[in-house]
Amino acid sequence: MAAARSDRQSDSLVSVHELTGHQISALLEEEISEWRRSLDWDFAASAELVRRFVEMRALTGFALMDSTGVTGYSYYVVEEGKGLIGDLYVRAAQRTTERENLLLATVLDALWRTPGTTRVEAQLLMLGMSLGTGRPGTGGPGTTVAAAARPMPFAQWLRSYPRLFLEAPLAAAPRTQAVNLPPRQVPDAVILPWSERRQQEAAATLAAAYRGHIDSQINDQYRSAAGAGRFLTNIVQFPGCGSFFAPASYVAEDRNTGILCGLCLASIVADGVGHITQVCVDPEHRATGLGYELLRRSLLSLAASGCRTVSLTVTGANQSAVRLYERMGFRTRRNFSAFVWEKPV
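Right, let's walk through the structure included here. Just so it is clear, the structure is predicted and the values come from calculations on it, not from any experiment.

Examining the nonpolar core
At step 1: Of all hydrophobic cores here, the largest spans 33 residues; its most connected members are Ile276, Leu299, Leu302, Tyr325 and Phe330.
At step 2: At the level of secondary structure, the elements contributing two or more residues to this core comprise strand E7 (158–169), strand E8 (189–193), strand E10 (250–254), strand E11 (260–270), strand E12 (273–281), helix H7 (290–304), strand E13 (309–315) and helix H8 (319–327).
At step 3: Counting 28 residues, the second-largest nonpolar core is a separate cluster that includes Leu39, Trp41, Val50 and Val54.

What follows is the structure in structure tokens.
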């Protein structure tokens, strides 16, 4: 692809296929620092995958360049008629809403040109992120524009879902009170350690838990057991949500039927920092304290493993979940948005 000029004379866009791993390394190092500073998240493993895929010419996306080198990039994947924007990052010194949107618009345009692609999903925690205070700004270098308020490309097909990045200290986790699961309200449940042999069952539980849920509008993998299975595989095998941590991951089993009815999965995202990648309970077992107890077990195990803090993300409209997390000591560290573009067929 020939370089395309932006409105700013110093900017140009190139395919990431034209880059070497060395050319993008400095940008990735800054992104690693920003994830660590902003969210206490070690992004190094993900950045190394990006660098390796760039080196192999196996990453599809675009890079923003000026006379100093690579100043931003975004990549995407396509699967079964859906595009996923995996990341978007622009250097703090050059970051503006215009530059971020230039990358977004170029990626989206490429996705719309991909035969059969009618839906694009993205959750970009670094969009508009600042190395400074993180206060909302005007779109100039080093400022942050609230994701839900900023102008976005292809807005006619866009739905935006405000989300929260929450965190909690784990020092108080051992004092978190257990709950008694009421067997007379629903079939009794027993909580067991995670086992990979039950991953297919867990996928079915995940799909049941999110049927009709707002999060299934954000991530269409939740709408089927097959899609949920791919989601779980990504969590367990790849570093996008940290390194999967089985000792702090649990499933709940209906004592009478042996069928899974809930799960809570955890990962390690940095030294001393855990992350809850998934917590859900099927509809028949909700409002029983089961979700609370699953999460409590995971927090205790993370604390016992030496984690000082834990984080998770939640959709703002899911107020029952937000209240549960706040009850357990979580507080908002960052507001961001999930984006879904759906093109009419």
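Observations concerning the side chain of Ser74
At step 1: Summarising the element assignment, Ser74 is placed in strand E4 (residues 69–79).
At step 2: Reaching out from Ser74, the side chain makes a polar contact with the backbone oxygen of Asp87 at a distance of 2.8 Å.
At step 3: Setting aside residues no more than four positions away along its own chain, Ser74 makes contact with Thr60, Gly61, Phe62, Ile85, Asp87, Leu88, Leu103 and Val107.

Digging into helix H4 (residues 199–209)
At step 1: Summarising burial for H4: eight of the eleven residues are buried, a large majority.
At step 2: Taken residue by residue, H4 has Gln199, Ala202, Ala203, Thr205, Leu206, Ala207, Ala208 and Ala209 as its buried positions.

Concerning the environment of Asp66
At step 1: Relative to the helices and strands, Asp66 is located in strand E3 (residues 60–66).
At step 2: Residue classification places Asp66 among the buried residues on the basis of a relative accessible area of 18%.
At step 3: With residues up to four places along the chain from it excluded, the contact list for Asp66 reads Ser10, Asp11, Thr71 and Gln94.
At step 4: Side chain to side chain, Asp66 and Thr68 meet in a polar contact 2.5 Å long.

Some thoughts on the packing of aromatic side chains
At step 1: Applying the stated criterion across every chain yields a total of twelve aromatic pairs.
At step 2: Measuring from centroid to centroid gives 5.9 Å for Trp194 and Phe244, while their planes differ by 75°, and the two rings are edge-to-face. Of this pair, Trp194 sits in the loop between E8 and H4 while Phe244 sits in strand E9 (residues 243–244), and the two are 50 residues apart along the sequence. When sorted by exposure, Trp194 lands in the same class as Phe244, which is buried.
At step 3: With centroids separated by 6.0 Å and ring planes inclined at 65°, the aromatic side chains of Tyr325 and Phe330 adopt a geometry described as edge-to-face. You'll find Tyr325 and Phe330 in the same group, each marked buried.
At step 4: Of the aromatic side chains, those joined through ring pairs into one cluster are Trp35, Trp41, Phe43 and Phe165.

Things to note about the packing of helix H1 (residues 21–39) against helix H2 (residues 44–55)
At step 1: Running from N to C, H1 and H2 cross one another at 165°; their axes reach a closest spacing of 10 Å. Here H1 lies roughly antiparallel to H2, going by the angle between them. Crossing of H1 over H2 shows right-handed handedness. Two secondary-structure elements touch here, H1 through Gly21, His22, Ile24, Ser25, Leu28 and Ile32 and H2 through Ala44, Ala47, Val50, Arg51, Val54 and Glu55.
At step 2: Among the residues making up the contact of H1 with H2, the classes are represented as seven nonpolar, three polar and two charged.

Considering the pairing of strand E6 (residues 119–123)
At step 1: Extensive coverage of E6 is indicated by the burial of four of its five residues.
At step 2: With four bridges joining them, strand E5 (residues 82–90) and E6 adopt parallel strand pairing. Bridging across to E6, Leu84 finds its partner in Glu121.
At step 3: Between E5 and its parallel partner E6, the chain crosses via helix H3 (residues 97–112), and the hand of that crossover is right-handed.
At step 4: Pairing between E6 and strand E14 (residues 331–342): five bridges, direction antiparallel. Bridge pairing in E14 links Arg119 to Glu342.

Here's the deal with the pairing of E7
At step 1: For E7 and E14, the ladder comprises ten bridges, and the chain directions are antiparallel. Pairing of Leu166 across the sheet is with Thr332, part of E14.
At step 2: Where E7 and E13 come together, seven bridges link them in antiparallel fashion. Residue pairing in the sheet places Ala168 in a bridge with Val310 of E13.

About the criteria used
Residues numbered from 1 in each chain as written. Predicted model: local features only at pLDDT ≥ 70, side-chain atom pairs only at ≥ 80, totals over all residues. Heavy atoms only, no water. Core = buried A, V, L, I, M, F, W, Y, C linked by side-chain atoms within 4.5 Å. Buried < 20%, exposed > 50% of the residue type's maximum accessible area, 1.4 Å probe, protein only. Helix = DSSP H or I, 4+ residues; strand = E, 2+ residues; numbered from the N terminus. Polar contact = N/O pair within 3.5 Å; in protein donor to acceptor, adjacent residues only side chain to side chain. Contact = heavy atoms within 4.5 Å. Phe/Tyr/Trp six-rings, centres within 6.5 Å; stacked < 30°, edge-to-face > 60°. Axes fitted to C-alpha atoms, helices over the stretch in contact; angles between N-to-C directions. Parallel < 35°, antiparallel > 145°, perpendicular 65-115°, else oblique. Left-handed = near helix turned anticlockwise from the far one by under 90°. Nonpolar A, V, L, I, M, F, W, Y, C, P; charged D, E, K, R; others polar. Pairing = 2+ DSSP bridges. Right-handed = clockwise from strand over helix to strand, strands pointing away.

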